[in-house]
Amino acid sequence: MDMQLEEVQPGQVSKKRLLHVTRSAARESSMRASIWALVAVLSSGAAAYAQEVPELSGTWSGTGPAVSATEGWEASRSASMAITEQRGRVFRGEVKYEGGEEDFVGVIQADGKTILMSNDDGNVTAYLSSPSEMEVCYIEGGDEAMAACTAMTRAE
């Protein structure tokens, strides 16, 4: 390895050091520009991603398959839900199903299509496919575990 030492007078900067500092500054400037470009792209994407909040208030009903640890398999289980109050993306209501009824709360995600709900027993993930149709899937854990998906339509 051939290393040449550059003679530098006190108070002077070597050419190699000057070149290194210049390259580092250029890389830092380029990195800053890349970060700002990324921020701009993400910001515009987030604005495009955020959809108008759909109005969910009203009565929804439907049927779908279910399975539970205590009741076994059901080819068709009926349910209806009434969304009684909505404030922006958050809402509340009541669900009625074969064997009971429960209050729930929910939120609409930023895409305006994905919906999350919860009650005392379990959690729901729903997908709004049109202003009057959604698929609602319920999961409950524990000794009375169950899973069900219901294709629901809004009553006129």
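Up top you'll find the structure we're talking about.
Below: a short report on this structure. Note that this is a predicted model, so its numbers are computed, not measured.

Looking at the pairing of strand β6 (residues 122–130)
Turning to step 1, where the next piece is worked out: Where strand β5 (residues 114–118) and β6 come together, five bridges link them in antiparallel fashion. Bridge pairing in β6 links Ile115 to Ala126.
Turning to step 2, where the next piece is worked out: The hairpin turn running from β5 into β6, its antiparallel successor, is three residues long.
Turning to step 3, where the next piece is worked out: As paired elements, β6 and strand β7 (residues 133–140) share eight bridges and run antiparallel to each other. The residue bridging Ser130 from the neighbouring strand is Glu133, located in β7.
Turning to step 4, where the next piece is worked out: Counting the residues between successive antiparallel strands, the hairpin from β6 to β7 contains two residues.

Section: the sheet that holds β7
Turning to step 1, where the next piece is worked out: The strand order around the closed barrel formed by eight strands is β1-β2-β3-β4-β5-β6-β7-β8, and the pairing between neighbours is antiparallel. Within the sheet, the average angular offset between the axes of one strand and its neighbour, ignoring direction, is 30°.

With respect to the nonpolar core
Turning to step 1, where the next piece is worked out: One finds Leu56, Met81, Ile115, Met117 and Met134 to be the most contacted residues of the largest nonpolar core, which totals 21 residues.
Turning to step 2, where the next piece is worked out: When contributions to this core are tallied by element, the ones reaching two or more residues are β1 (58–68), β2 (72–87), β3 (90–97), β4 (100–108), β5, β6, β7 and β8 (146–154).
Turning to step 3, where the next piece is worked out: Dropping the residues within four chain positions of it, Ile115 is found in contact with Leu56, Phe91, Val107, Ile108, Val124, Thr125, Ala126, Leu128 and Met134.

Quick look at the pattern of salt bridges
Turning to step 1, where the next piece is worked out: Using the criterion set out here, one finds four salt bridges in the structure.
Turning to step 2, where the next piece is worked out: The shortest N-O distance in the salt bridge between Arg87 and Glu85 comes to 2.8 Å.
Turning to step 3, where the next piece is worked out: Judged by relative accessible area, Glu85 falls into the partly exposed class, the value being 30%.
Turning to step 4, where the next piece is worked out: Across the salt bridge formed by Glu85 and Arg92, the nearest N and O atoms sit 3.7 Å from each other.

The rules behind each value
Residues numbered from 1 in each chain as written. Predicted model: local features only at pLDDT ≥ 70, side-chain atom pairs only at ≥ 80, totals over all residues. Heavy atoms only, no water. Pairing = 2+ DSSP bridges. Helix = DSSP H or I, 4+ residues; strand = E, 2+ residues; numbered from the N terminus. Axes fitted to C-alpha atoms, helices over the stretch in contact; angles between N-to-C directions. Core = buried A, V, L, I, M, F, W, Y, C linked by side-chain atoms within 4.5 Å. Buried < 20%, exposed > 50% of the residue type's maximum accessible area, 1.4 Å probe, protein only. Contact = heavy atoms within 4.5 Å. Salt bridge = Lys/Arg side-chain N within 4 Å of Asp/Glu carboxyl O.

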